[in-house]
Amino acid sequence: NSGFLRCSRSVLPWPTLAQTMATVCNASRVDSGKFRNPNISPCVAPVQHVKPTATDDWLLGERPATWWTGKHPEECPGMSKQGVLQVIKHPNLDTCTRDELLDYFDNAWTLTEVLFASLQGEETFTRAPYHGLRHPMIFYYGHTACVYINKLRVAGLVKDPIDPYLEVILETGVDEMSWDDMSKNEMEWPPVANVTEYRRTAYKIIREVFETAQLPIKMDDPCWALAMGIAHEHIHMETSSVLLREMPLQFLRLPKYWPAIHPSALATQEAVAPKNDLIDVPAGQVNLGKPVDWPSFGWDNEYGSRSLSVPGFSASKFKITNAEMLEFIKADGYRTERYWSAEGWAWRLFRNAKWPTFWLPDGPAGLHKYKLRCLFEVVDLPMNWPVIVNFHEATAFAAWRSHRDQIPCRLLTEAETNLIRDKSGPEVTLADDPCMVAGGADSIEKCRANLQLAHGSEGPVDACKPGEKGFYDVFGNVWQWCEDPIFPYGGFKVHPLYDDFTVPCFDGRHRIILGGSFISAGDNGASAWSRFHFRAHFFQHAGFRLCVPSDPSALDRIRGSPNVFSAASAILDANLLSQFGEAEQLTALTGPALDLVRTGLALPQRCADILVSTMSSLALPKTRALVAQSCPAGAAATLSRSFDSVVALSPTLVASESVKTLLTTGHLEVHRTLEGELQQPVPLSIPKAGPGEVAVRHGEGACLGLDESSGLYQGAMVVDLLEESPAPKLLLSAVAARVAPGGLLLIAGSHDWGKAGGGQLGGFRDVS
């Protein structure tokens, strides 16, 4: 039973809603713990309710004083004269006082509790979201506190756990790798009171660490964990707000101290969306990457460097509005398959999506009249607000506009988005970084941006002043989806306090979002350096703007690649020569040195022979084999003579295409470097492959795209790949998980960890 309480342009009468909430439903007894997607079938009939237990009383209506585990909102930094709590500006970590750092911590901590004060009754904390792709709200209520404690323990600043059980079940969130992966929440969750007391104890411990922390805080200091904890809190304030926006309103109450919805939602006259003209942007050089000495917290993917020249393009002055999206709906865009990617169309069918997820039909479908669900209100659809969609919907809209206008439309890339900003890269100073300049109270005035809870919702696309180049909402209001998958800049390094923050998402499936939204705070979107990423089906407070490139063929060059392994052609050619060539083709050395080079020839084939012979001696079945290598031609050909089928994974597209050609035709021309830029073509031929079927695949990301859908293999090989990976443990775990029970995994490598982005795998001496 989903159902939304509906209202006209005015907001819901909250005293009446509070009375309604006096009978909060025990939802799991009504619909097996699943919400129906309000995007499919909003229910206007009365919802069945079950009388709450006495223990629910403190979770109904305005929260009692015992709810607040840190600073009470009225005593918290960021409390405005209007009686609402807003994000305060990020302290300069080089120069800030301890009090300024503590204020920033308290502000983030209490804002989380203000947000969660919207949930009415115990059951609303433990119900799974309608899509089943994320944990219930009780997880996120305790998650940020648990991560604080666990990271402080890793940093050596806290010795003992508070509650080992809670610090396990509330530590690791979920990243829905597929829109139909719904098996996340089969467990008993702790009572809200237990988690509240955990937060109370955690707050005291964390504050004590702040009070004794050595200042200033630098990236390589243990106290970086404190800054990380605040940034992590900000992330989950925003993602939790999206989950609340997906909940039926009868389970929520507008919390006291929360900023009001944008005032334009209360206007008596319907607003008209501004004409969304295209603005020409000349070609330019883009330099990306946050300086390591920038005095604010940053996540690992912000650091490093990338420089490229970007051809000229045109981009929409505003982010795409609800009015423009309505045109797409009326043109039957949601039902026209040719506008959608294969994955996007499958998602649309699975969800039966007919309009954006936060739109609610207000009458018969053909009437095309809608309302908009905000966090705690339903209002008439504001035509001049930016539309909130996922990546699939954004790209479908762009394809439709390309067809309608007969021009090549797409989303902007990360590099192009930086070009429409007033400044980017080395040009950015502290005065240009929104989160360092203002908090929510003065973000609109000082930064021309609806950021950091300046308002409690998105607002009109032309409400804030434009930048110097004429673009509106370059920062804030809603995030902007980009064409790029999240990818590492050159010199990327993981941070030892959070080594799996970004690396698991270098898989080609997580798309970059930039610019932040109305609720984004600090390094979570309100920074000039922020770059976040979500799966294409994921809903965030995110929209998009259109790009019309002058050179459509340049997209692959300017769009970032998630490939975290080297793809240099010279390295590939040398690799192939080492497998199928002669020692003299690899080096000018002679004598014993040349003999030493010969010992390394055909290493993958010899490793494959070892795997096959060992499996034969153990009488293991040779049904399916997996080989993961930068260039898996020799190993795949060898294994195909003994296995029924072989899957050959290469982390680079160019290598996988070369391997396909070599295995299909038996021939390939490579180039041998003679001196400097002088090269000599060398034709390669390989022995005939065996009868086993060979599938060569480009494995994207740190895990090479391996997941449950990859199936199991009786034999597996990883050759010269762990040393090149930025996350060797992650890669090894992904491969090992695909080895069938009783199967065999062979690992071979140079042990040259100097070229690994994530450090060596590590080892130990067996002294038993």
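In the block above lies the structure referred to throughout.
What you see is a predicted model, and the numbers here were worked out from it, not measured in a lab. (Residues numbered from 1 in each chain as written. Predicted model: local features only at pLDDT ≥ 70, side-chain atom pairs only at ≥ 80, totals over all residues. Heavy atoms only, no water.)

### A few points about the overall build of the protein
Now for step 1: Summing up its helical and strand segments, the protein has 21 helices and 20 strands in all.
Now for step 2: A buried classification covers 59% of the 768 residues belonging to the protein.
Now for step 3: If you take every contact in the protein between residues at least 6 apart in sequence, the share linking residues at least 24 apart comes to 78%.
Now for step 4: Of the roughly 30300 Å² that the protein leaves accessible, carbon and sulfur atoms contribute 53%. (Helix = DSSP H or I, 4+ residues; strand = E, 2+ residues; numbered from the N terminus. Buried < 20%, exposed > 50% of the residue type's maximum accessible area, 1.4 Å probe, protein only. Contact = heavy atoms within 4.5 Å. Areas by Shrake-Rupley, 256 points an atom, 1.4 Å probe, with all protein chains shown as cover.)

### A closer look at the pattern of salt bridges
Now for step 1: With the rule as written, the count across this model stands at 26 salt bridges.
Now for step 2: The salt bridge partner of arginine 535 is glutamate 343, with a shortest N-O separation of 4.0 Å. On the criterion of sequence distance, the pair formed by arginine 535 in strand 11 (residues 532-535) and glutamate 343 in helix 10 (residues 342-351) is long-range, its members being 192 residues apart.
Now for step 3: Look at glutamate 343 and you get partly exposed, because its relative accessible area is 37%. (Salt bridge = Lys/Arg side-chain N within 4 Å of Asp/Glu carboxyl O.)

### A look at the pairing of strand 1 (residues 278-281)
Now for step 1: Where burial is concerned, the two faces of strand 1 differ: the one with Ile279 and Val281 is buried and the one with Leu278 and Asp280 is not.
Now for step 2: Two elements, strand 1 and strand 4 (residues 313-316), share four bridges in a ladder whose sense is antiparallel. Paired with leucine 278 across the two strands is serine 316, which belongs to strand 4. (Pairing = 2+ DSSP bridges.)

### A closer look at the sheet that holds strand 18 (residues 693-698)
Now for step 1: Reading across from one edge, 18-15-14-19-20 is the order of the five strands in this open sheet, with parallel pairing throughout. Strands with a single pairing partner mark the edges of an open sheet, and in this sheet they are strand 18 and strand 20 (739-748). The average angle at which neighbouring strand axes cross in this sheet is 15°, direction not considered.
Now for step 2: Against the sheet, helix 18 (residues 603-617) contacts strand 14 (624-629), strand 19 (713-719) and strand 20, and its axis sits at roughly 150° relative to strand 19.
Now for step 3: The strands that helix 21 (residues 728-736) touches are strand 14, strand 19 and strand 20; relative to strand 20, the one it contacts most, it runs at about 140°. (Axes fitted to C-alpha atoms, helices over the stretch in contact; angles between N-to-C directions.)

### Brief notes about the sheet that holds strand 7 (residues 378-380)
Strand pairs in the sheet, formed through backbone hydrogen bonds, run parallel or antiparallel to each other.
Now for step 1: With antiparallel pairing, three strands are arranged side by side in an open sheet as 5-6-7. Single-partner strands in this sheet number two, and they are strand 5 (359-361) and strand 7. Geometrically, the sheet is characterised by an average inter-axis angle of 35° between neighbouring strands, direction not taken into account.
Now for step 2: Pairing analysis gives three bridges linking strand 5 to strand 6 (residues 370-373), with the strands arranged antiparallel. Looking across to strand 6, one finds that leucine 360 is bridged to lysine 371.
Now for step 3: Its contacts with the sheet put helix 9 (residues 322-330) on strand 5 and strand 6, and the angle it makes with strand 5 is roughly 50°.

### Observations regarding the side chain of histidine 234
Now for step 1: With respect to the helices and strands, the residue histidine 234 is situated in helix 8 (residues 224-245).
Now for step 2: The buried category is assigned to histidine 234, whose relative accessible area is 1%.
Now for step 3: Ignoring anything within four residues of it in the chain, the contact list for histidine 234 reads Val87, Tyr104, Ala108, Ala521, Gly522 and Asn524.

### Details of helix 11 (residues 391-405)
Now for step 1: Relative to the 21 Å expected for 15 residues at 1.5 Å per residue, helix 11 spans 21 Å between its end C-alpha atoms, a close match to the ideal helical length.
Now for step 2: If you check which residues of helix 11 are buried, you get Phe391, His392, Glu393, Ala394, Ala396, Phe397, Ala398, Trp400, Arg401 and Ser402.
Now for step 3: Contacts made by the buried residues of helix 11 are with helix 9, helix 10, strand 8 (410-411), strand 9 (479-485), strand 10 (510-514) and strand 13 (546-549).
Now for step 4: Two or three places before histidine 392, at the opening of helix 11, asparagine 390 has a side-chain oxygen 3.1 Å from that residue's backbone nitrogen. (Expected span 1.5 Å × (residues − 1). Polar contact = N/O pair within 3.5 Å; in protein donor to acceptor, adjacent residues only side chain to side chain.)

### Quick word on the nonpolar core
Now for step 1: Among the nonpolar cores identified, the biggest contains 124 residues, and Ile206, Trp258, Trp359 and Phe544 are the most heavily contacted of them.
Now for step 2: For this core, the element with the most residues is helix 8, which contributes twelve residues.
Now for step 3: With sequence-adjacent residues up to four places away left out, isoleucine 206 is seen in contact with Phe105, Trp109, Tyr148, Ile149, Leu152 and Leu226. (Core = buried A, V, L, I, M, F, W, Y, C linked by side-chain atoms within 4.5 Å.)

### What about empty space enclosed by the protein?
Now for step 1: Per the stated rule, a full pass over the model turns up six cavities of 30 Å³ or more.
Now for step 2: Space inside the second largest cavity adds up to approximately 120 Å³.
Now for step 3: If you go around the second largest cavity, you meet 18 residues; those closest to its centre are Leu288, Asn418, Tyr489, Ala528 and Trp529.
Now for step 4: Residue assignment for the lining of the second largest cavity shows that the elements contributing at least two residues are strand 2 (284-288) and helix 12 (414-420).
Now for step 5: The residue inventory of the lining of the second largest cavity, partitioned by class, reads six nonpolar, six polar and six charged. (1 Å grid on protein atoms, 1.4 Å probe; cavity = no way out; pocket = protein on both sides within 12 Å on 5 of 7 lines; lining within 4 Å. Points joined across faces, edges and corners; volume = space filled by probe spheres on them. Nonpolar A, V, L, I, M, F, W, Y, C, P; charged D, E, K, R; others polar.)

### Points about the state of the cysteines
Now for step 1: On inspection of all chains with the given rule, the structure shows zero disulfides.
Now for step 2: Left unpaired, cysteine 703 is separated from the closest cysteine sulfur, that of cysteine 505, by 9.8 Å. (Disulfide = S-S within 2.5 Å.)

### A look at helix 10
Quick reminder: α-helices carry 3.6 residues per turn. Residues three or four places apart thus point the same way.
Now for step 1: Within helix 10, the full set of buried residues consists of Gly344, Trp345, Trp347, Arg348 and Arg351. Summarising the axial view, the buried residues of helix 10 lie within an arc of 160°, below the 170-degree limit, and thus occupy one face.
Now for step 2: Packing partners of the buried residues in helix 10 comprise helix 11.
Now for step 3: Positioned one or two residues after helix 10, asparagine 352 has a phi angle of 55°, which is positive. (Arc of directions from axis to C-beta.)

### Section: unusual backbone geometry
Now for step 1: In this chain, leucine 215 is followed by proline 216 through a cis amide linkage whose omega measures -5°.
Now for step 2: The residue histidine 368 is not glycine, and still its phi comes out positive at about 55°.
Now for step 3: You can see histidine 368 is positioned in the loop between strand 5 and strand 6.
Now for step 4: Relative accessible area serves as the criterion here: at 25%, histidine 368 is assigned to the partly exposed category.

### A look at the packing of helix 5 (residues 137-154) against helix 7 (residues 192-212)
Now for step 1: One way to put it is that helix 5 packs onto helix 7 with a least axis distance of 10 Å and a crossing angle of 30°. One finds that helix 5 runs roughly parallel with respect to helix 7. For the pair helix 5 and helix 7, the crossing hand works out as left-handed. Facing helix 5, whose interface residues are Ile138, Tyr141, Gly142, Thr144, Ala145, Cys146, Tyr148, Ile149 and Leu152, helix 7 presents Val192, Val195, Thr196, Tyr198, Arg199, Ala202, Ile205, Ile206 and Val209. (Parallel < 35°, antiparallel > 145°, perpendicular 65-115°, else oblique. Left-handed = near helix turned anticlockwise from the far one by under 90°.)

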